[in-house]
Structure formats: C-alpha cells, structure tokens
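Coordinate inspection notes
If you want the building blocks of each chain, they are given just below.
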Amino acid sequence: MFVFFFAIVLPVVWLNMAQIQQGGAPEEKEKTTALKDLLSRIDLDELMKKDEPPLDFPDTLEGFNYAFNELGQLRHIQTGDPFVFNYREDLHRWNQKRYEALGEIITKHVYELLEKECNLEKVYLPVDATDNEPKSFIFMSKDAMKNPDKMLVLIHGSGVVRAGQWARRLIINEDLNSGSQIPYIKRAMKEGYAVIVLNPNENYIEVEKSKVQAEQPSPDSSDEPAEKRERRERNPKETKKRRDFYEKYRNPQKEKDTLQVYIRDNGSPEEHALYVWDNFISKAPAENVLFVAHSYGGLTFVELMIQREADVKNKVTAVALTDSVHNVWHQDANKTLREWMRENCCNWVSSSEPLDTAVESTLPDCPRVSAGTERHELTSWKSFHSIFKFFDEALEGKDTKIKPTPTRRSNRIKHEDL
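Residues numbered from 1 in each chain as written. Predicted model: local features only at pLDDT ≥ 70, side-chain atom pairs only at ≥ 80, totals over all residues. Heavy atoms only, no water.

The next point concerns the pattern of salt bridges. Overall, the coordinates contain 13 salt bridges when judged by the stated rule. Between Arg264 and Glu133 there is a salt bridge, and its shortest N-O distance comes to 2.8 Å. Note that Arg264 is positioned in the loop between β8 (258–262) and α11 (269–279) and Glu133 in the loop between β3 (121–125) and β4 (136–140), a separation of 131 residues in sequence. The exposure class of Arg264 is partly exposed, given its relative accessible area of 32%. (Salt bridge = Lys/Arg side-chain N within 4 Å of Asp/Glu carboxyl O. Helix = DSSP H or I, 4+ residues; strand = E, 2+ residues; numbered from the N terminus. Buried < 20%, exposed > 50% of the residue type's maximum accessible area, 1.4 Å probe, protein only.)

On the surface, Asp149, Glu287, Glu396 and Asp399 cluster together to form a negatively charged patch. One can find Glu396 in helix α16 (residues 384–399). (Patch = residues over 30% accessible without salt bridge, like charges linked within 9 Å, V, L, I, M, F, W, Y side chains within 5 Å. Areas by Shrake-Rupley, 256 points an atom, 1.4 Å probe, with all protein chains shown as cover. Lys, Arg positive; Asp, Glu negative; His and termini not counted. Charge placed at Lys NZ, Arg CZ, Asp CG, Glu CD.)

A few words on the packing of aromatic side chains. Both the distance between ring centres and the angle between the ring planes are used here to describe each pair of aromatic rings. Taken as a whole, this structure holds 19 aromatic pairs when the rule is applied. Ring geometry for Phe57 and Trp94: centres 5.3 Å apart, planes at 55 degrees, overall tilted. Taken as a pair, Phe57 in the loop between α3 (44–47) and β1 (66–68) and Trp94 in helix α4 (residues 92–116) lie far apart in primary sequence, 37 residues in all. Grouping residues by exposure puts Phe57 and Trp94 together as buried. Their ring planes at 65 degrees and their centres at 5.8 Å tell us that Phe85 and Tyr99 sit as a pair that is edge-to-face. With Phe85 in the loop between β2 (74–76) and α4 and Tyr99 in helix α4, this pair connects stretches of sequence that are 14 residues apart. (Phe/Tyr/Trp six-rings, centres within 6.5 Å; stacked < 30°, edge-to-face > 60°.)

All right, on to the sheet that holds β4 then. The sheet built from 9 strands is open, its strands ordered β3-β4-β6-β5-β9-β10-β11-β13-β12 with mixed pairing. Edge positions in the sheet fall to β3 and β12 (358–359), since each has one partner strand and no second. Across the sheet, helix α12 (residues 296–307) touches β5 (150–155), β9 (288–294) and β10 (316–322), and the angle it forms with β9 is around 140 degrees. Helix-sheet contacts for α16 involve β5, β9, β10 and β11 (345–349), and the interaxial angle to β10 is about 160 degrees. (Pairing = 2+ DSSP bridges. Contact = heavy atoms within 4.5 Å. Axes fitted to C-alpha atoms, helices over the stretch in contact; angles between N-to-C directions.)

Moving on to the nonpolar core. Core analysis: the largest hydrophobic core is formed by 51 residues, its most contacted members being Val292 and Phe391. Among all residues touching Val292, those that are not within four sequence positions of it are Leu152, Val153, Leu154, Ile155, Trp166, Tyr184, Ala320, Ile387 and Phe391. Listed in part, the 36 residues of the second largest apolar core include Met140, Phe280, Phe301 and Val319. (Core = buried A, V, L, I, M, F, W, Y, C linked by side-chain atoms within 4.5 Å.)

Let us look at the pairing of β11. When you tally the buried positions in β11, you get 5 out of 5 residues, the bulk of the element. Residues Cys345, Asn347 and Val349 of β11 are buried on one face, and the alternating residues Cys346 and Trp348, pointing to the opposite face, are buried as well. The pairing of β11 with strand β13 (residues 368–370) spans 3 bridges and is parallel. Residue pairing for β13: Asn347 is matched across the bridge by Arg368.

Let's shift gears to the packing of helix α7 (residues 182–190) against α16. Between α7 and α16, whose axes approach to 11 Å, the crossing angle comes to 35 degrees. Judged by the sense of rotation from one axis to the other, the crossing of α7 with α16 is right-handed. Contact residues: α7 offers Pro183, Tyr184, Arg187 and Ala188, while α16 offers Phe384, His385, Ile387 and Phe388. Grouping the amino acids of the contact of α7 with α16 by side-chain chemistry returns 6 nonpolar, 1 polar and 1 charged. (Left-handed = near helix turned anticlockwise from the far one by under 90°. Nonpolar A, V, L, I, M, F, W, Y, C, P; charged D, E, K, R; others polar.)

Moving on to the side chain of Ser380. With respect to the helices and strands, the residue Ser380 is situated in helix α15 (residues 379–382). For Ser380, the residues in contact, after removing those within four places along its chain, are Trp166, Tyr184, His294 and Thr322.

It is worth spelling out the confidence of the model for the protein at this point. In this model, the protein carries a mean pLDDT of 82, and residues with pLDDT of at least 70 account for 72%. Below a pLDDT of 50 lies the segment residues 1–9, which in the model reaches 14 contacts outside its immediate sequence neighbourhood of four places, other chains included. Every residue in residues 245–252 scores below 50 in pLDDT, and together they form 18 contacts with partners more than four places removed in sequence or on other chains. (pLDDT = per-residue confidence, 0-100.)

Among the residues making up α7, those that are buried are Ile182, Pro183, Tyr184, Ile185 and Ala188. Residue Gly192 follows α7 closely and has a positive phi angle near 95 degrees.

This part takes up the environment of Ala129. Among the structural elements, Ala129 can be located in the loop between β3 and β4. Accessibility expressed as a relative area gives 22% for Ala129, which makes it partly exposed. Those residues in contact with Ala129 that sit more than four places away from it in its chain are Lys135 and Arg264.

The subject of this paragraph is unusual backbone geometry. The linkage connecting Leu125 with the following residue, Pro126, adopts the cis geometry, with an omega of -5 degrees. On the secondary structure map, Pro126 appears in the loop between β3 and β4. One non-glycine residue, Asn65, lies in the positive phi region at around 65 degrees. Positionally, Asn65 belongs in the loop between α3 and β1. Judged by its relative accessible area of 30%, Asn65 is partly exposed. Not every positive phi belongs to a glycine, and Asp356 is a case in point at roughly 75 degrees. Here Asp356 shows up in the loop between β11 and β12.

Turning our eyes to something else, we now look at the packing of α12 against helix α14 (residues 335–344). Running from N to C, α12 and α14 cross one another at 130 degrees; their axes reach a closest spacing of 11 Å. Between α12 and α14, the angle falls in the class oblique. Here α12 runs over α14; the crossing is right-handed. Between α12 and α14, the residues in contact are Phe301, Val302, Met305 and Ile306 and Leu337, Trp340 and Met341, respectively. Among the residues making up the contact of α12 with α14, the classes are represented as 7 nonpolar, no polar and no charged. (Parallel < 35°, antiparallel > 145°, perpendicular 65-115°, else oblique.)

And the structure:
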C-alpha cells in the first residue's frame, strides 16, 4: 500500500499542483490550495494504522493465554514462555496497546490478590461520596482502625501503577514478588502491623464525550487561516464531507474521545495522601506509623509532612524511601522538617554499591544508602529485608528513647561484612 502511495499518488498530486500553478487563474489557485490542504492532512504515522489488526484485546489473563505459576511468574499457558512484547513484527503501536491491555488485567489481578490472599478490605473514597460521583479506593487490613501498636503505610510511585504495585513491568516480565507490594503486606501483617495501601494514581475516571462535545471546534480554531475559514463557511456540507473523508484515512482506528472527571479531594497523589491521612491514618489508634514510599511516593510523603508537620512528627516513627524523587529545596521543606527527616528517614537509592552502603547526598535531608541495584524499579524489592530491619531498630530506639540513625546502622553492616 505504501509503495503505491509514494510511487503513484504523490507524484500525480505534485504534477497536478505544478500544472495548476503555471495556469495562474483564480479557480486554479483555489485548487492548488485544496491540494496543499490535502497533503498537509496526510499523516503517515496515522496512515500506517490502516494496516493494523483491530485494537480488540481479551479482558482476562486466560484470554491472553497467560497465567501466573507457583513462583508468581507470568507464563504462557501452552509454551511456558515469558511474556513477549513484540507479538507482531513491525507493529509497535499495536504491540504497545496489547501490552497496556494486559497491564489493566494485571492491575485487577493484584486488586484481587490484595483482598483474597492478603485479606485486605477495599475502602471507597471520598468516605461521604454519593452514588453518582466518581470514587477512588484504598486497601486496609481489618485491624487498621483498631490496632493500638503499629501500622505500615505503602505509597507507590507515579505512572500506570495502582494500589498493591511497585512496578507493572516487573510483575509482567519478572514476578509478583519483585513488582508488587504483597511481600511487604504479608510480612507486616505477620509481624503484627496494621496495613494501609494507598492508591495515589487513581485520581479521575474517564467518561466518553457526547457526540456534540466531540464535534465542537477546538479552542485553537482561531488560528485557522482566514481564507480557509471563509471557504469552509461558504460550503459547510462540502467541508464536513471532506473532513469525514480525511478522517477515514487519518485515523482508521480512532479511539474514543473521553473526558477526565476528577475525584473529589483525591485529584492528585498529594491530595490523595492528605485525604487518607486526615480521614484514616491520623484517626487510627496505632502508636507507631511507619511508611514505605517509592519514587514519586517519597515526594508525596514530604508534601504530606509539609501540610501536616506537627501531626506527622507526633505519629510517624520511621520512613523508608526507595529511590525517592523528593527535593526538600523545591518543596520548601523548612529546617525543622529537614532535621526530623535526618533522624527518622532513610532513602534506599539505585546504586552499584553493595546493599546498605552509605551513599553521598547533595541534599540536607535523610541519609541515603544503596538498594543493591542500579534499576530504579527494583529498589523496593532489593531493600525489602533492610527496610524491616530499619523499622525494628526504629521501634526499639523509640522504646529506649534513642532515635535510630540509619547511617550508623549501614556502617555497622559494612563492618560486620568485613
């Protein structure tokens, strides 16, 4: 199809334009303008979509012919092979859409595991939501609002991940242990923690635009050349016919036009964390609240501290960050907050150094130690055991009125290894 297009269609169009331009008559100039308009509307990337298979994918793992084995690895049901991204050669967009469709199924699968395997409860937000308004949700252990001792709060990073995940890519390509928060939840509950799993990326729902909304002119229509606008207004029926003709070729697999309707008080990760703090964590009886926050989740926690500094300092015992992207300067964290972070937080960062080795920092906030991996998305999993040791020391230190110092702990680990 493309050989035909470039070898036959384009040369004919350009030849006609050259002949018209030589004529010089007003009607011929208008034809020239129309041909130029046609060429400007031909989007080769969109034209390639004509050869795509339909963007119609299964809505279950079984439909994809995949399942998780006993090791938590995603494998093909018939062959036992790992997931293959390039299912169809030279169709990257189609492969990407297929991957995204599988990712949505993975998200639902993890939600099911949180409820069935981890015995967590789904709690909808806002707590006073009406039946018709958009809702988000979090997951909580049954003792979250009753456990007087300790609570673990998990915050993932930004992007497509949802509650219960650290990295969707790891779940698909490696296993559930490395990519999900399930190991943290199970160990915490085994050690007597209450658990709350935040869902900071569930900020809105998408609803399909009405036909009227979809056909409304864009705000940028004022930039349309006057000559072109006059021609369109002169013959609206012909303009619509031509637009429909162009659209058929420009976007043969046009996806639905949708509107984003934001969830009240949960329209961003920062809003979500603040809402969960005010309505659940701050009201929970747990004497010790401990956080694990990955990537953008670290920034979200720092923003929570800025908004609720006194309450957080009073209730939070320790914070484990994993390759956090927070910045105390850009977020305007004050001196007392930075000092609290130095005493009560530790950031396990991606590094080529061995696990728990101290890593220099240019920011005056919490100590940084190596997560034992250079892969950002793996930092939460690789530092799993070290983080629970850090929490144990923080709880012991609070009992003996001695504040934990992660850097000294890291140096001690190095000394013992030697």
